[in-house]
Amino acid sequence: MNTIFTLLRPRIHSAINSLRTESQRNNRIRIFMYSAIGLIFWVGIFIIFYRVLFYFQSVQDFGNILAMKLVSMIIMTFFALLIFSNIINFLTHLYLSHDLPLLHSLPVSAKDIFISRWLISTFDSSWMIVAFSFPIFLSYGLIYQAGIFFYLIVLAAIIFTCLLAASLSGILVLLGAVVLPAGRIRTILIILGVI
């Protein structure tokens, strides 16, 4: 575990150092701008889903079914996005990264390199889905007056969904890299994503 943390340390230090640039004023402006854009999206998603779920709740007999179908459709969409994003990230981190020759020359086991790259790829692919799924489930919880356990269960379900998608994507990448070169797989996936 100590070796995995050592392999993750450059990534952590890079994130910390990006916040400590020489131009603190530009850095504050950039952080404020990205935070404002993220907050606007977050509030917009919350308002839209709150209004839709409020309307669904007012529909007799079918309202709850429509709300359940909407949430299940959103979860399936998030899962598909996670699979697609994880595949591209895993290809990049496991096979196409420029620091792989350096990593494999270190006295570190291949298992530790794989686990550290898997953790980095999982975080890179999942943080936005986790952040922007909260307003959806928050609006659902407020409309249906759910308790605190609902939000804890939703948080656990989102985390495990991200881990499941990351695991499936890792398996698909490892199997796909046996058949085709990693660069070609990534090109095919990008073309499919655009289509």
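That block above? That's the structure.
What you see is a predicted model, and the numbers here were worked out from it, not measured in a lab.

Draft legend 1. Spotlight on helix H6 (residues 148-179). The end-to-end C-alpha separation of H6 is 47 Å, in line with the 46 Å expected for 32 residues at 1.5 Å each. Residues Val154, Ile158, Cys162, Ala165, Ala166, Ser169, Gly170 and Val173 constitute the buried set of H6. Contacts from the buried residues of H6 go to helix H3 (63-96) and helix H5 (110-143).

Draft legend 2. Quick peek at the packing of H3 against H5. Packing of H3 against H5 leaves a shortest axis separation of 9 Å and a crossing angle of 160°. On the basis of the axis angle, H3 is roughly antiparallel to H5. The way H3 lies across H5 gives a crossing that is right-handed. Class assignment for the residues of the contact of H3 with H5 results in 17 nonpolar, nine polar and two charged.

Draft legend 3. Focus on the nonpolar core. Leu53, Leu70, Ile74, Ile87, Phe90 and Leu91 are the most contacted members of the largest nonpolar core, which has 28 residues in total. Listed by contribution, the elements that provide at least two residues to this core are helix H2 (24-58), H3, H5, H6 and helix H7 (182-194). Per element, the largest residue contribution to this core is eleven residues, and it comes from H3.

Draft legend 4. Representation of H5 in the model. Here H5 spans 49 Å end to end across 34 residues, near enough to the 50 Å set by a 1.5 Å rise per residue. By the largest-angle criterion, Ser126 marks the main kink of H5, which is about 40°. Looking one or two residues past H5, Gln145 carries a phi angle of roughly 50°, positive in sign.

What counts and what doesn't
- Residues numbered from 1 in each chain as written.
- Predicted model: local features only at pLDDT ≥ 70, side-chain atom pairs only at ≥ 80, totals over all residues.
- Heavy atoms only, no water.
- Helix = DSSP H or I, 4+ residues; strand = E, 2+ residues; numbered from the N terminus.
- Expected span 1.5 Å × (residues − 1).
- Buried < 20%, exposed > 50% of the residue type's maximum accessible area, 1.4 Å probe, protein only.
- Contact = heavy atoms within 4.5 Å.
- Axes fitted to C-alpha atoms, helices over the stretch in contact; angles between N-to-C directions.
- Parallel < 35°, antiparallel > 145°, perpendicular 65-115°, else oblique.
- Left-handed = near helix turned anticlockwise from the far one by under 90°.
- Nonpolar A, V, L, I, M, F, W, Y, C, P; charged D, E, K, R; others polar.
- Core = buried A, V, L, I, M, F, W, Y, C linked by side-chain atoms within 4.5 Å.
- Bend = angle between axes of the 7 residues up to and from the residue.

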